[in-house]
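# An overview of the molecular structure
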Amino acid sequence: MASRRLFHVARGLCGLRAAHTTQRFNFTRAYCSASRNFEMITAEKKGEKQNVGFIKLNRPKALNALCDQLMAELQDALDDFEKDKNVGAIVITGSEKAFAAGADIKEMQNLTYQKCLQGDFLAHWTRVARCRKPVIAAVNGFALGGGCELAMMCDIIYAGNKAKFGQPEILLGTLPGAGGTQRLPRAVGKSLAMEMILTGNPITADEAHKSGLVSKVFPAEELVIEAIKTAEKISGLSKIAVQLAKEAVNTGYESSLSEGLHFEKRVFHSTFSTDDRKEGMTAFVEKRKAEFTDN
Ligand code: CAA
């Protein structure tokens with residue numbers, strides 16, 4: 001992964017001029033091992049118990065446009081947090097102006113159909129949706145095109161009151177290519193999704209809230225704090241139960257009701273083999289706080 005990233009850096013992708021190459025190695029704050037350095041995101045642990053993985057998209061000059069390097073770094077950070085046993089949930093955010101203004105149009109401008117097909121363009125973006133730990137998108141500002149799709153790959157979306165969600169690809173002569181035509185109708189219903197995808201018109205945070213795309217709206221400056229609070233709460237619960245619950249919701253979301261119900265029943269039964277289920281119920285009966293051990 002690191003070599004792929006350096007390869008892209010070396011090729012000057014993301015519209016950076018060659019003269020800036022040396023600056024690229026003045027990396028911003030790094031997370032984890034010394035070998036894990038990022039340029040277009042920051043990744044660190046947050047929360048009183050340092051059990052929240054916090055990723056900030058950090059490409060301000062391009063409004064966090066999701067170029068190849070940024071997405072590769074995001075994957076690396078997710079890999080790290082997924083491996084970290086202390087981390088129970090992850091927050092992804094951007095800046096106050098932009099969560100992300102979409103896939104990088106400058107990178108895509110001269111792509112051909114053949115290159116897209118042969119390279120399976122954007123296929124690696126699904127890493128976010130495949131994360132086994134809960135991921136919360138904290139969206140301030142623009143979440144457009146791939147930015148909206150990235151938010152929808154997360155499990156929970158919180159929005160700042162000035163956030164704007166949209167799928168403007170139609171205005172570029174193309175269509176959403178990272179899940180927008182599939183996840184948006186499931187989130188907001190067919191009519192609003194069609195309107196957004198066919199006109200390119202964005203919706204406000206309040207409209208996103210009313211339509212079910214986001215679960216809560218906060219004043220912009222409180223958004224990240226609230227997202228971290230929720231992530232801390234999730235991180236303090238049984239990691240086994242959380243993982244199974246996330247999997248059950250996603251399985252049902254992507255299959256028929258009867259298949260989803262069947263899967264739910266099976267994983268519900270499976271929690272009766274865990275110490276955490278026994279502890280959670282015993283603690284309730286004994287009127288005390290549960291002490292989960294993730295077993
Ligand atoms: N790709 C590459 N660069 C982008 C970008 C994008 N998606 N969005 C913004 N930028 C760059 C601009 O080119 C500009 O760079 P320069 O200063 O070098 O010119 C910089 O970010 C600031 O942008 P603006 O000057 O346009 O800022 P603004 O405040 O006037 O407008 C905006 C903000 C309305 C978000 C506007 O930038 C915009 O419309 N961006 C494109 C949004 C879009 O079409 N997204 C969909 C992309 S396609 C996609 O995502 C496909 C998919 O499904 C995966």
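Okay, so let's go over this structure.

Reading guide: rules and limits
Residues numbered from 1 in each chain as written. Predicted model: local features only at pLDDT ≥ 70, side-chain atom pairs only at ≥ 80, totals over all residues. Heavy atoms only, no water. Helix = DSSP H or I, 4+ residues; strand = E, 2+ residues; numbered from the N terminus. Contact = heavy atoms within 4.5 Å. Areas by Shrake-Rupley, 256 points an atom, 1.4 Å probe, with all protein chains shown as cover. Patch = residues over 30% accessible without salt bridge, like charges linked within 9 Å, V, L, I, M, F, W, Y side chains within 5 Å. Salt bridge = Lys/Arg side-chain N within 4 Å of Asp/Glu carboxyl O. Near = heavy atom within 4 Å. Polar contact = N/O pair within 3.5 Å; in protein donor to acceptor, adjacent residues only side chain to side chain. Nonpolar A, V, L, I, M, F, W, Y, C, P; charged D, E, K, R; others polar. Core = buried A, V, L, I, M, F, W, Y, C linked by side-chain atoms within 4.5 Å. Buried < 20%, exposed > 50% of the residue type's maximum accessible area, 1.4 Å probe, protein only. Pairing = 2+ DSSP bridges. Expected span 1.5 Å × (residues − 1). Axes fitted to C-alpha atoms, helices over the stretch in contact; angles between N-to-C directions.

### Concerning the overall build of the protein chain
Scanning the protein chain from terminus to terminus reveals 12 helices and 10 strands. Considering only residue pairs separated by 6 or more positions, the protein chain has 66% of its internal contacts joining residues 24 or more positions apart. A total accessible area of about 15800 Å² is found for the protein chain, and carbon and sulfur atoms account for 56% of it.

### Describing a nonpolar patch on the surface
Taken together, the side chains of Ile170, Leu171, Met194 and Leu198 present a nonpolar region at the surface, about 390 Å² in accessible area. Looking at where leucine 198 falls in the secondary structure, it is placed in helix 7 (residues 190-199).

### A short note on the site of the ligand
In the vicinity of the ligand there are 24 residues, among which Lys97, Ala103, Gly146, Glu149 and Glu169 approach most closely. Within the side chain of lysine 97, a nitrogen or oxygen atom sits 2.8 Å from an oxygen atom of the ligand. At a separation of 2.9 Å, a nitrogen atom of the ligand approaches a polar backbone atom of alanine 101. Within the complex, the protein chains bury 64% of what would otherwise be the 980 Å² of accessible surface of the ligand. Mapped onto the shell around the ligand, the elements with two or more residues apiece are helix 3 (105-108), strand 6 (142-144) and helix 5 (146-153). Among the elements that take part in the shell around the ligand, helix 3 stands out by supplying 3 residues, more than any other. Of the residues in the shell around the ligand, the class split is 14 nonpolar, 4 polar and 6 charged.

### Remarks on the nonpolar core
In this structure, Ile55, Leu57, Ile92, Phe165 and Leu213 are the most contacted members of the largest nonpolar core, which totals 50 residues. Beyond its immediate chain neighbours, meaning those up to four positions away, isoleucine 55 contacts Ile41, Thr42, Ala43, Leu74, Ala77, Leu78, Phe81, Ile90, Val91, Ile92 and Thr93. Core analysis: the second largest hydrophobic core is formed by 14 residues, Ile136, Phe218, Leu223 and Val242 among them.

### Topic: the pattern of salt bridges
Tallied over the full model, the rule gives 9 salt bridges. Two residues, arginine 288 and glutamate 279, come together in a salt bridge whose shortest N-O distance is 2.8 Å. Residue classification places arginine 288 among the partly exposed positions, given a relative accessible area of 36%. Residues arginine 288 and glutamate 286 are paired through a salt bridge, measuring 2.8 Å at the closest nitrogen-oxygen approach. Its relative accessible area of 49% is what places glutamate 286 among the partly exposed residues. When salt bridges with common partners are traced through the structure, they connect Asp79, Glu82 and Arg127 into a single cluster.

### Concerning the pairing of strand 7 (residues 156-160)
The buried fraction of strand 7 is high, at 4 of 5 residues. Summarising the sheet, strand 5 (residues 135-139) and strand 7 pair through 4 bridges and their orientation is parallel. Bridging from a neighbouring strand, alanine 138 pairs with tyrosine 158 of strand 7. For strand 7 and strand 10 (residues 216-218), the ladder comprises 3 bridges, and the chain directions are parallel. When the bridges of strand 10 are listed, alanine 159 appears paired with valine 217.

### Details of helix 9 (residues 223-235)
Helix length check: helix 9, at 13 residues, gives a terminal C-alpha distance of 18 Å against a target of 18 Å (1.5 Å per residue), a fit within 8%. Every buried residue of helix 9 is listed here: Leu223, Glu226, Ala227, Ile228, Ala231, Ile234 and Ser235.

### Some remarks on the sheet that holds strand 1 (residues 41-46)
Sheets are built from strands paired through backbone hydrogen bonds, the pairs being either parallel or antiparallel. Read from one edge to the other, the open sheet built from 6 strands follows the order 1-2-3-5-7-10, with strand pairing classed as mixed. Whereas interior strands pair on both sides, the edge strands pair on one side only; in this sheet they are strand 1 and strand 10. With direction set aside, neighbouring strand axes in the sheet form an average angle of 20°. Bridging between strand 3 (residues 89-93) and strand 5 involves 4 bridges; their strand directions are parallel. Counted as the bridge partner of threonine 93 is alanine 138 from strand 5.

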